[in-house]
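# Working through the structure, step by step
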Amino acid sequence: MSSSDSSSSSASDDPNPKLKPQPLESQFQSSLTLEDSDGVARTDDASVAEQQQEQQDEGSGNGSVDGVVNVEDNGHRDSSDREEGIGSGEARDGDGGSGGGGGVVWRRANSEVELEVEAPASPSSSGYAGGRGSSGASSASRADDASEEDEIEVVGNDDGGAVGAPDSQAEWTPGKRHVDEDDASISWRKRKKHFFILSNSGKPIYSRYGDEHKLAGFSATLQAIISFVENGGDRVKYVKAGMHQVVFLVKGPIYLVCISCTEEPFESLVAQLELVYGQMILILTKSLNRCFEKNPKFDMTPLLGGTDVVFSALIHSFSWNPAAFLHAYACLPLPYATRQAAGAILQDVADSGVLFALLMCKHRVGTSLKVISLVGAQKASLHPDDMLLLGNFIMSSESFRQVTSESFSPICLPRYNPMAFLHAYVHYFDADTYLILLTTRSDAFYHLKDCRIRIETVLLKSNVLSEVQRSTLDGGMRVEDLSVDLQQHTGSTSRVEDKPHTETPERIRESSLVGLGGPAGLWHFLYRSVYLDQYVSSEFSSPINTHRQQKRLYRAYQKLYVSMHSKGIGPHKTQFRRDENYVLLCWVTPDFELYAAFDPLADKALAIKTCNKVCQWVKDVENEIFLLGASPFSW
Amino acid sequence: MGMASVNTASEGMQLCIFDLRRGQQEGQELDKILFFFPADLPFATQLSVIGLSEGLITFTRIFSPDAACEVIEAERHSHVFFEAESDIWMVMVVEKSKESKAACQVDALRKVLKEVHSLFVLFHGTMRSMLEKETSGGLIRSHLYPFITDYLSDFLIGKKLQLPSFHDCLMERGTVQMLTVGREAAIEVQSLVKVLECSAGTTSCYSLVLFQDLLVSTTLSPDDTISLFTYAVLRLTPHALSSGATSWSYLQRTNAGSQVPALSTITNSGSVSDNIYRSRDTSLDQDNNCQVKRPLHHNRWFRGNDGFLASDIWGADNGSQTSVTPIVYLQLTEERMYLCAYQYKSLTIILLVPVSSILNGEQGLSLVKQQVLENVCVLSVPASLKMLRVEEKLSKGWGGENAYHVSGYRYLLVDDERVSRASPPAKVMTLAKDSLLAMSKLREEVNLEKKAKCSSSEVNCDKELEICVRAKNGAWVIARTSRGKELYMVLEKASETLLYASDAVEKFSNRYCSGVFSLD
């Protein structure tokens with residue numbers, strides 16, 4: 001992420017130019033302006049000011065002053081050239097000892113490589129450093145935020161987070177912290193969960209904590225362990241020591257390592273490493289392997305410049321987003337007709353040459369992603385993991401988030417095609433709701449912009465956006481609303497919508513043991529529809545109030561998921577687990593998986609009955625909580 | 001026997017012991033190796049195994065200074081670590097068979113290492129003290145080599161080492177199995193123990209009473225009990241003596257027929273190593289080498305005319321025909337004790353007499369033995385007669401090899417990690433492979449939970465846990481932990497419902513575990 005020397009420009013507030021992080025946005029945002037230059041790679045350093053001016057002229061970016069809309073000059077990639085993605089990266093690498101180009105490099109990637117190599121990154125840092133500053137990405141000053149992510153193991157037995165803060169998730173600051181640490185620091189050694197990406201020559205690429213450059217020695221040690229075992233004709237999977245686990249994942253020339261004492265099972269950690277790798281592929285495509293083939297000492301940190309914030313957001317999500325281990329996505333509860341309306345217009349657009357159209361929104365709490373609707377072109381299907389990574393990429397990048405701005409950025413969907421770039425048009429309708437249009441064509445910006453306008457018109461006309469806002473406020477299913485008598489539910493199609501408002505006086509607490517949560521001591525549930533690749537999760541309610549408790553429950557679910565799906569012998573059919581914290585019940589069938597948490601004193605028979613009711617309830621309202629009949633999911 | 005098998009070939013299994021305080025200088029690396037199996041592996045390979053182990057011990061200490069590397073799991077091998085004594089590590093590298101790839105019983109393998117170490121300490125004292133006695137390392141190498149190869153030969157079936165695998169998920173190494181005795185028999189046993197102690201004439205002697213391969217009574221500390229019990233079942237009990245009969249005890253699954261060729265495999269490779277060690281440790285003179293005792297040597301114990309077991313392992317006493325009585329070390333007190341074992345039918349009695357209390361060696365000891373059998377003290381009945389009675393009582397109440405089988409259940413019950421009871425191995429073998437794999441996996445999970453609990457709260461390691469899993473094949477696989485007791489159970493023919501399975505556990509708990517696992 002070393003900033004290019006040429007990025008001298010304006011926003012550099014970092015005294016150390018070598019380590020100065022390149023704002024992610026600057027690299028990923030593509031310039032509207034450039035689109036004007038119809039497809040010719042610009043190699044001149046258009047000055048930042050110029051660009052911004054242009055944008056303003058462009059008119060779409062009313063927020064241009066803060067650089068939101070502004071992009072560097074690499075605008076057009078040749079879509080026919082998808083596979084070449086990284087090629088230019090190599091070229092650049094070979095080209096500049098200056099390390100210049102910094103993060104910009106990859107961007108130029110798939111277009112006319114050689115030419116672009118010349119292009120200094122100057123525009124890249126344009127408005128964005130400011131934006132990044134606001135996100136606090138790598139500023140050490142944020143380091144002391146008392147977020148759970150920073151917790152050092154000594155602090156508590158429980159890996160809970162900010163003590164007692166009921167909503168501390170909101171306090172989580174994206175971006176890397178503790179850059180001042182390295183492997184000699186006690187605090188660094190005591191972090192509960194490290195993630196490292198390194199190259200097979202031992203060069204550090206990313207570290208969750210600490211400065212990669214200072215961790216070169218440590219990185220070399222990790223590489224040595226991996227290659228030592230490899231030389232013996234084997235491949236190391238993990239090492240355990242006390243409560244610590246060191247998990248290794250080798251992906252061609254890329255090594256990923258997680259060091260954790262969070263008690264998460266190996267299977268979970270390795271799945272998380274897979275996602276971290278996927279996130280990297282999403283940014284760079286797998287063709288980066290070729291760079292390593294050509295030059296084993298290839299330094300790819302510049303290619304990932306500024307993406308710290310993306311990785312740290314992803315890693316953070318491993319502690320609270322069930323999508324990360326369920327391999328499913330969540331939908332925003334909406335009246336069936338509303339979702340239909342949204343789906344229809346997206347379908348319309350998809351038929352006009354858009355590969356995928358996704359209408360998403362941010363969850364009330366945290367930055368969880370919920371799907372309002374999505375469609376794909378014929379036969380194209382989107383893997384839930386890709387959605388997770390794409391959503392994380394977009395939501396963690398400040399610049400995408402500017403309301404009413406539009407961004408056009410190359411991305412790769414690792415599960416869809418790890419070798420090729422797609423192009424994502426992103427637009428926020430409001431603070432929470434955004435549209436992603438994916439295309440294979442690099443010159444489709446204006447087309448997508450038109451599509452967006454059409455979509456926006458329809459969404460406004462059919463009140464979809466206001467419904468979305470209402471739903472975000474109302475939240476989803478609540479265990480308290482699970483009434484004892486199932487009859488009450490049937491027929492109430494708008495149940496989810498109305499629930500928070502309707503009183504159900506008939507509701508009885510079945511178990512006298514329990515004063516909180518739903519009937520029979522039900523505290524929470526997760527329901528995953530196998531065919532739909534979607535899940536629904538009940539809202540957290542008392543007594544799972546604090547972030548610490550939520551995270552603990554999340555971890556318990558994760559463990560349960562791994563236990564149910566254990567390799568070679570799974571999936572199990574049912575599991576009942578009682579410890580001092582919960583009763584957990586899990587039920588896996590070919591159609592669905594249910595994970596439910598109860599009061600630890602809950603009665604077994606009642607708990608089972610309640611699970612049946614939850615399943616029935618979900619089925620009753622599936623029209624509203626799931627996206628049904630989305631054609632691309634017919635795999 | 002269906003166990004995951006491992007070739008004795010160098011590929012199959014490696015076991016090494018090394019001392020991190022030795023050989024830290026360039027060129028001296030070989031000095032840290034105290035034991036390596038197979039010994040004929042080139043030194044470069046041995047050093048590479050130890051190098052990786054040492055590297056990871058150092059590496060993991062960065063993050064986990066108190067508990068260094070415990071296991072390296074690779075695609076094809078598991079490396080299981082055990083720090084036997086401070087800075088002395090035992091590492092076992094096991095090749096994964098296709099069958100057990102899903103679940104390698106790391107904890108069970110670690111218990112193998114722990115067991116062989118505690119047996120070694122029982123007869124030779126700690127490795128560290130031996131290293132301090134003779135700093136070149138020749139002494140300990142010459143002791144470790146035969147000891148461990150003898151121990152490993154117990155795992156040989158044919159030419160293959162059969163180490164614990166998922167098939168063994170319903171048994172617990174490193175625990176003792178107790179005989180359940182009625183009240184009356186218990187009183188008899190108590191008085192026998194009293195008589196033994198009193199007739200031996202010294203107050204500080206200890207006794208261990210076994211019936212068949214089950215423990216009846218002990219006056220030793222728990223750790224010493226486990227070591228001695230393990231040794232007794234391996235070499236002293238009637239089953240162990242009558243080699244050839246396949247034992248129903250898991251500690252003894254070897255049979256003589258298969259042992260012979262296998263042993264020679266080991267001994268062959270052993271001779272190589274003997275040469276190596278001799279040539280390396282020139283300081284070690286011939287005499288020294290001859291004095292190495294092999295307490296685990298097979299078929300070297302026999303019953304004497306007086307009913308006491310004797311062995312030529314420790315040589316014969318000068319001048320007399322009697323063989324030398326072995327001396328064992330107690331762990332806590334580091335006291336040295338003579339080990340006298342008496343056998344009457346199914347009854348085996350081990351008497352430990354302090355070396356310090358016997359002035360004139362074997363002669364004095366034989367006097368003690370005689371006293372034990374004949375002396376009439378407190379209760380006016382000689383011990384020999386008492387033994388007859390006890391044996392008779394216990395035999396009467398003894399339900400045979402399947403005494404602890406509970407039909408419909410396949411279970412393992414562990415109390416305080418020291419005492420266990422399980423369904424007979426033959427019954428466990430009737431379970432489907434999938435059920436065993438599921439149980440093996442579940443035990444791994446429970447071990448993790450236990451470990452987490454212990455590391456998080458120093459005061460109370462007890463974990464209250466109940467897990468009922470309905471596996472893919474429909475079997476219920478159940479684990480319960482409560483108040484230091486653990487119960488593992490596979491129910492293959494239970495009905496579909498969780499409630500039924502829970503009910504079955506409840507019944508079992510009420511009947512056989514005094515309700516420890518019952519909910520109320």
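Residues numbered from 1 in each chain as written. Chains lettered and ligands numbered in written order. Predicted model: local features only at pLDDT ≥ 70, side-chain atom pairs only at ≥ 80, totals over all residues. Heavy atoms only, no water.

### A short note on the overall build of chain B
The test is simple: Secondary structure elements are taken from DSSP: a helix is a run of H or I of four residues or more, a strand is a run of E of two residues or more, and numbering for both begins at the N terminus. Each residue is assigned to one of three classes by its accessible area relative to the maximum for its type, calculated with a 1.4 Å probe on protein chains only: buried under 20%, partly exposed between the two thresholds, exposed over 50%. Where accessible areas are quoted, they stem from the Shrake-Rupley method and a 1.4 Å probe; at the residue level, only the protein chains shown are allowed to cover.
Counting its regular elements, chain B contains 14 helices and 20 strands. Residues classed as buried in chain B amount to 58% of the 520 residues present. Working note: accessible area of chain B is about 21,000 Å², and carbon and sulfur atoms make up 51% of it.

### Things to note about the overall build of chain A
Here is the rule: Any two residues whose heavy atoms approach within 4.5 Å at even a single point are treated as in contact.
Along chain A, the regular secondary structure elements total 21 helices and 16 strands. If you take every contact in chain A between residues at least 6 apart in sequence, the share linking residues at least 24 apart comes to 69%.

### Considering the UniProt feature "domain: FUZ/MON1/HPS1 third Longin" (unreviewed entry) in chain A
Rule in force here: UniProt positions are given in the numbering used here, feature names are shortened, and annotations may be inferred rather than shown by experiment.
According to UniProt, the positions carrying the feature "domain: FUZ/MON1/HPS1 third Longin" (unreviewed entry) are residues 521-621 of chain A. Between the C-alpha atoms that bound residues 521-621 of chain A the distance is 22 Å, and the span itself is 35% helix and 30% strand.

### A closer look at the sheet that holds strand β15 (residues 347-354) of chain B
Residues and elements named next belong to chain B. Cut-off, in case you're wondering: Strands are labelled as partners when DSSP assigns at least two bridges between them. Fitting a line to C-alpha atoms yields each axis, with helices limited to the stretch in contact; the angle taken between N-to-C directions then spans 0 to 180 degrees.
Strand order in the open sheet formed by five strands is β10-β9-β15-β14-β13, and the pairing between neighbours is antiparallel. Since the sheet does not close on itself, it has two edges, and those belong to β10 (214-218) and β13 (327-329), each with one partner. Shown here is a sheet whose adjacent strand axes are inclined to one another by a mean of 30°, direction ignored. Inspection of the sheet shows strand β9 (residues 206-211) paired to β10 by four bridges, in the antiparallel sense. In the sheet register, phenylalanine 211 faces β10, and the bridge partner there is leucine 214. Helix α6 (residues 222-236) rests against β9, β10, β13, β14 (336-344) and β15 of the sheet, and its axis sits at about 45° to β9.

### Remarks on the sheet that holds strand β5 (residues 254-260) of chain A
Overall, antiparallel pairing links the 10 strands, which are arranged β2(A)-β1(A)-β5(A)-β4(A)-β3(A)-β4(B)-β5(B)-β6(B)-β2(B)-β3(B) in an open sheet. Where the open sheet ends on each side, the last strands, each with one partner, are β2 (204-207) of chain A together with β3 (33-37) of chain B. Neighbour to neighbour, the strand axes of the sheet diverge by 15° on average, direction disregarded. For strand β5 (residues 77-85) of chain B and strand β6 (residues 88-95) of chain B, the ladder comprises eight bridges, and the chain directions are antiparallel. Bridging from a neighbouring strand, histidine 79 of chain B pairs with valine 93 of chain B of β6 of chain B.

### So, the packing of aromatic side chains
The relative placement of two aromatic rings is captured by the distance of their centres and the angle of their planes. As a reminder, the rule being used: Only Phe, Tyr and Trp rings take part, Trp by its six-membered ring, and two of them pair if their centres are within 6.5 Å. Stacked means planes under 30 degrees apart, edge-to-face means over 60, and tilted covers everything else. A ring is scored as having a charge over it whenever the NZ atom of a lysine or the CZ atom of an arginine sits within 6 Å of its centre and within 35 degrees of its normal.
This structure, assessed with the given rule, holds 38 aromatic pairs over all chains. Ring centres of phenylalanine 408 of chain A and phenylalanine 445 of chain A lie 5.6 Å apart, and the angle between their planes is 70°; this geometry places the pair in the edge-to-face category. Remark: phenylalanine 445 of chain A occurs in helix α16 (residues 445-461) and phenylalanine 408 of chain A occurs in strand β9 (residues 406-411); sequence separation between them is 37 residues. Seen in terms of ring centroids, tyrosine 561 of chain A and tyrosine 595 of chain A are 6.3 Å apart; in terms of plane orientation they differ by 35°. Their pairing is tilted. Taken as a pair, tyrosine 561 of chain A in helix α19 (residues 547-564) and tyrosine 595 of chain A in strand β16 (residues 592-598) lie far apart in primary sequence, 34 residues in all. Classification of tyrosine 595 of chain A by relative accessible area gives buried; the value is 0%. Geometry around tyrosine 404 of chain B places arginine 421 of chain B over its ring, the cationic atom sitting 3.8 Å from the centre. The positively charged end of arginine 443 of chain B is found above the aromatic ring belonging to tyrosine 488 of chain B, 4.6 Å away from the centroid.

### Topic: the interface of chain B and chain A
The condition that has to hold: By definition, the buried area sums, over both parts, the 1.4 Å-probe accessible area that each loses when the two are put together. Basic side-chain nitrogens of Lys or Arg form a salt bridge, by our definition, when they fall within 4 Å of a carboxyl oxygen of Asp or Glu.
Listed by partner, the interface residues are 49 residues for chain B and 48 residues for chain A. Interface area for chain B against chain A, summed over the two sides, is near 4,200 Å², with a carbon-plus-sulfur share of 60%. Three residues, Phe59, Phe63 and Lys472 of chain B, lead the burial of chain B against chain A; their summed loss comes to 17% of the area buried on that side. In this assembly, chain B and chain A are joined by six salt bridges.

### Some details on the nonpolar core
Defined as follows: Definition of nonpolar core: a set of buried residues of the types Ala, Val, Leu, Ile, Met, Phe, Trp, Tyr and Cys, connected through side-chain atoms within 4.5 Å.
In this structure, Ile254, Met280 and Met300 of chain A together with Leu15, Ile17 and Ile350 of chain B are the most contacted members of the largest nonpolar core, which totals 154 residues. The residues touching methionine 280 of chain A, leaving out its near neighbours within four places in the chain, are Ile197, Ile254, Thr285, Leu288, Met300, Leu304 and Phe311 of chain A. Ranked by size, the runner-up nonpolar core spans 76 residues in total, among them Leu179, Ile349, Leu351 and Val505 of chain B.

### Focus on the UniProt feature "domain: FUZ/MON1/HPS1 first Longin" (unreviewed entry) in chain A
UniProt's feature table lists "domain: FUZ/MON1/HPS1 first Longin" (unreviewed entry) at residues 193-313 of chain A, given in the numbering used throughout. Counting secondary structure, residues 193-313 of chain A comes out at 40% helix and 26% strand; the distance between its end C-alpha atoms is 14 Å.

### Let's talk about the packing of helix α2 (residues 106-124) of chain B against α6 of chain B
Residue and element names in this part refer to chain B. Inclusion rule: Geometric relationships in this document are graded by angle, where less than 35 degrees denotes roughly parallel, more than 145 denotes roughly antiparallel, 65 to 115 denotes roughly perpendicular, and other angles denote oblique. Following the grouping adopted for this structure description, the nonpolar residues are Ala, Val, Leu, Ile, Met, Phe, Trp, Tyr, Cys and Pro, the charged ones are Asp, Glu, Lys and Arg, and the polar ones are all others, Gly among them.
For the pair α2 and α6, the least separation of the axes is 9 Å and the interaxial angle reads 95°. With respect to their mutual orientation, α2 and α6 come out roughly perpendicular. Here Glu115, Ser118, Leu119, Leu122 and Phe123 of α2 lie close against α6, whose contacting residues are Ser227, Leu228, Thr230, Tyr231 and Leu234. Split into classes, the residues belonging to the contact of α2 with α6 amount to six nonpolar, three polar and one charged.

### Concerning the pairing of strand β10 (residues 422-428) of chain A
Residues and elements named next belong to chain A. Among the seven residues in β10, seven count as buried, and that is most of the element. Every second residue of β10 is oriented toward a common face, with Leu422, Ala424, Val426 and Tyr428 on one face and His423, Tyr425 and His427 on the other, all of them buried. Relative to β10, β9 is paired through six bridges, and the arrangement is antiparallel. Residue serine 409 lies in a different strand from β10, and its bridge partner there is alanine 424. Judged from the six bridges that link them, β10 and strand β11 (residues 433-439) form a sheet pairing that is antiparallel. Counterpart to tyrosine 425 in the pairing with β11 is leucine 437. Between β10 and β11, which pair antiparallel in sequence order, lie four residues.

### Some words on helix α17 (residues 464-474) of chain A
The set of residues buried in α17 of chain A consists of Val464, Leu465, Val468, Ser471, Thr472 and Asp474 of chain A. Two residues or fewer after α17 of chain A comes glycine 475 of chain A, characterised by a positive phi angle close to 80°.

### Describing unusual backbone geometry
Geometrically, the link from serine 542 of chain A to proline 543 of chain A is a cis peptide bond, its omega value of 5° lying close to zero. In this fold, proline 543 of chain A is placed in the loop between β13 (534-537) and α19. Note that the residue after phenylalanine 37 of chain B, namely proline 38 of chain B, is joined by a cis bond; omega there is -5°. Take proline 38 of chain B: it is sitting in the loop between β3 and α1 (43-63). Of note in the backbone geometry, glutamate 263 of chain A takes a positive phi value of approximately 70° without being a glycine. Looking at where glutamate 263 of chain A falls in the secondary structure, it is placed in the loop between β5 and α10 (266-284). A positive phi angle, near 45°, is found at arginine 483 of chain B, a position not held by glycine. When you line up the elements, arginine 483 of chain B lands in the loop between β19 (476-482) and β20 (485-491). A relative accessible area of 58% means that arginine 483 of chain B is categorised as exposed.

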